[in-house]
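For reference, the chains in residue letters:
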Amino acid sequence: MSNLNSDSKIKFLKAVIISKEKIAAHTFHLKVQGDDIKNIDYTPGMHMKVIVELTDDSLQNVKLRSYSIWDYDSQETTIDVAVCTHSSGLGSKWIEQAETGDDFYFFLKKTLIVDDSAGNYFFIGDISTLGHFYKINRALPKDKKVFSFMYGNETDFFTDLDGSKPFNFYMLHSDKHLPAPIDFLEEKITNTLNEIHIQKANENNELTTDNYSIAYIGGDARVCAELTNFFTRKLGWHPSQIKMKSFWN
């Protein structure tokens, strides 16, 4: 670890940026590498708090932004991150200026990690959630059923690291007044649930754990709140079935 941690209450891990590539209209693919990465206690779906502004070497006065771990490799001691820039905030300015060879300070958080206890999975979010949800999807056993509702502008979408497109994309424009067409998403989700129920009824199976569903919801905080209420109040889901994190406000 860096000696810059000596006066800091938080013990930051240190890496170095080894590549930066713009992969969509508002997304950069960042890869960092460092010895501190090798032995971290990693769970798919973790995110990191990253220093995007440092005013002195003590790490006491810093600005942080949250980014999801798109991939983690303990052998290569690398972490991949999808950094979105759809706002003009401090994080967007930081990634625009970041260069190969720059130091990269971070610590890890477990907020929206993988849960493989369900049979059905719903992934709902905008482009800010793609890297995060891609990783969780890859971590799920292959026998799980995945239903996805990812929305945004066409130029914002990007594939997973292996070039695959495991999610359904919907070209839905958003702005500060209407972050997403909630009615459209609710209708799509309801229709999907009805199809699942019809299929189960046709199979004449008794209720099993395979019928248990989990929804991962991310993106704009307002959309997260609306959809959480939709699942719990209108559909009657238990709060434990909702894995939600607002990626931006």
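See the structure printed just above.
A few points on the structure. (Residues numbered from 1 in each chain as written. Predicted model: local features only at pLDDT ≥ 70, side-chain atom pairs only at ≥ 80, totals over all residues. Heavy atoms only, no water.)

## Some words on the sheet that holds strand 2 (residues 27–33)
(1) Moving on: Strand order in the closed barrel formed by 6 strands is 1-2-5-4-3-6, with antiparallel pairing between adjacent strands. Pairs of neighbouring strands in the sheet enclose a mean axial angle of 45°, with direction left out of account.
(2) Moving on: Alignment of strand 4 (residues 62–73) against strand 5 (residues 78–84), held across 4 bridges, turns out to be antiparallel. Looking across to strand 5, one finds that Tyr 72 is bridged to Ile 79. (Pairing = 2+ DSSP bridges. Helix = DSSP H or I, 4+ residues; strand = E, 2+ residues; numbered from the N terminus. Axes fitted to C-alpha atoms, helices over the stretch in contact; angles between N-to-C directions.)

## Quick word on the pattern of salt bridges
Opposite charge on two side chains permits them to pair, given that their charged atoms come into close proximity.
(1) Moving on: This model, assessed by the stated rule, comprises 9 salt bridges.
(2) Moving on: Of the charged contacts, one joins Asp 115 and Lys 243 as a salt bridge, the two residues approaching to 3.3 Å between their closest N and O atoms. Taken together, the residues Asp 115 in the loop between strand 6 (103–109) and strand 7 (120–125) and Lys 243 in strand 11 (residues 242–248) connect sequence positions 128 residues apart.
(3) Moving on: Beyond isolated ion pairs, a larger network of salt bridges with shared partners links Asp 71, Lys 135, Arg 138 and Asp 160. (Salt bridge = Lys/Arg side-chain N within 4 Å of Asp/Glu carboxyl O.)

## Details of the layout of surface pockets
(1) Moving on: Taken as a whole, the largest pocket holds about 470 Å³ of empty space.
(2) Moving on: Arg 65, Ser 66, Tyr 67, Phe 247 and Trp 248 are the residues nearest the centre of the largest pocket, which is lined by 20 residues in total.
(3) Moving on: Elements represented by at least two residues in the lining of the largest pocket include exactly strand 3 (47–54), strand 4, strand 5, helix 1 (90–97) and strand 11.
(4) Moving on: Element by element, the count of residues in the lining of the largest pocket is highest for strand 4, at 5 residues. (1 Å grid on protein atoms, 1.4 Å probe; cavity = no way out; pocket = protein on both sides within 12 Å on 5 of 7 lines; lining within 4 Å. Points joined across faces, edges and corners; volume = space filled by probe spheres on them.)

## Some details on helix 1
(1) Moving on: Buried residues of helix 1: Gly 91, Ser 92, Trp 94 and Ile 95, and no others. All buried residues of helix 1 project into a common sector of 160° when viewed along the axis, lining one side. Pointing more than 90 degrees away from the buried face of helix 1 are the exposed residues Lys 93 and Gln 97.
(2) Moving on: Where helix 1 is buried, its residues touch strand 1 (13–24), strand 2, strand 3, strand 4, strand 5 and strand 6. (Buried < 20%, exposed > 50% of the residue type's maximum accessible area, 1.4 Å probe, protein only. Arc of directions from axis to C-beta. Contact = heavy atoms within 4.5 Å.)

## What to know about the packing of helix 3 (residues 182–203) against helix 4 (residues 221–234)
How two helices pack is summed up by the angle between their axes together with the distance between the axes.
(1) Moving on: Close contact between helix 3 and helix 4 brings their axes to 11 Å; oriented N to C, the two are set at 40°. The orientation of helix 3 with respect to helix 4, classified from their angle, is oblique. Considering only the axes of helix 3 and helix 4, their crossing is right-handed. Across from Ile 182, Leu 185, Glu 186, Ile 189 and Thr 190 in helix 3, the residues of helix 4 making contact are Val 223, Glu 226, Leu 227, Phe 230, Phe 231 and Lys 234.
(2) Moving on: Residues of the contact of helix 3 with helix 4, tallied by class, amount to 7 nonpolar, 1 polar and 3 charged. (Parallel < 35°, antiparallel > 145°, perpendicular 65-115°, else oblique. Left-handed = near helix turned anticlockwise from the far one by under 90°. Nonpolar A, V, L, I, M, F, W, Y, C, P; charged D, E, K, R; others polar.)

## Regarding empty space enclosed by the protein
(1) Moving on: Applying the stated criterion across every chain, the model contains 1 cavity of 30 Å³ or more.
(2) Moving on: Put simply, the largest cavity is a space of about 40 Å³.
(3) Moving on: Lining the largest cavity we find Ser 68, Ala 82, Cys 84, Ile 127, Ser 128, Leu 130, Gly 131, His 132 and Phe 158.
(4) Moving on: For the lining of the largest cavity, the elements supplying multiple residues, two or more each, are strand 5 and helix 2 (130–139).

## Here's the deal with the environment of Ala 215
(1) Moving on: Following the sequence through the fold, Ala 215 ends up in strand 10 (residues 213–220).
(2) Moving on: By relative accessible area, which is 0% here, Ala 215 ends up buried.
(3) Moving on: Separated by 92 residues in sequence, Ala 215 and Phe 123 place their C-alpha atoms 6.1 Å apart.

## A short note on the side chain of Ser 128
(1) Moving on: Locating Ser 128 in the fold gives a position in the loop between strand 7 and helix 2.
(2) Moving on: A polar side-chain atom of Ser 128 sits 2.5 Å from a polar atom in the side chain of Asp 126.
(3) Moving on: The residues touching Ser 128, leaving out its near neighbours within four places in the chain, are Cys 84, His 86, Gly 219, Phe 247 and Trp 248. (Polar contact = N/O pair within 3.5 Å; in protein donor to acceptor, adjacent residues only side chain to side chain.)

## A closer look at the packing of aromatic side chains
(1) Moving on: Counted by the stated rule, this structure contains 21 aromatic pairs.
(2) Moving on: Seen from their ring centres, Phe 12 and Phe 107 are 5.6 Å apart, and the 70° between their planes marks the pair as edge-to-face. Within this pair, whereas Phe 12 is found in the segment before strand 1, its partner Phe 107 is found in strand 6, the two being separated by 95 residues in sequence.
(3) Moving on: Given the relative accessible area of 1%, Phe 12 is considered buried.
(4) Moving on: Residue class for Phe 107 comes out buried when judged on its relative accessible area of 16%.
(5) Moving on: On the basis of an interplanar angle of 35° and a centroid distance of 4.6 Å, the ring pair of Tyr 42 and Tyr 72 is categorised as tilted. (Phe/Tyr/Trp six-rings, centres within 6.5 Å; stacked < 30°, edge-to-face > 60°.)

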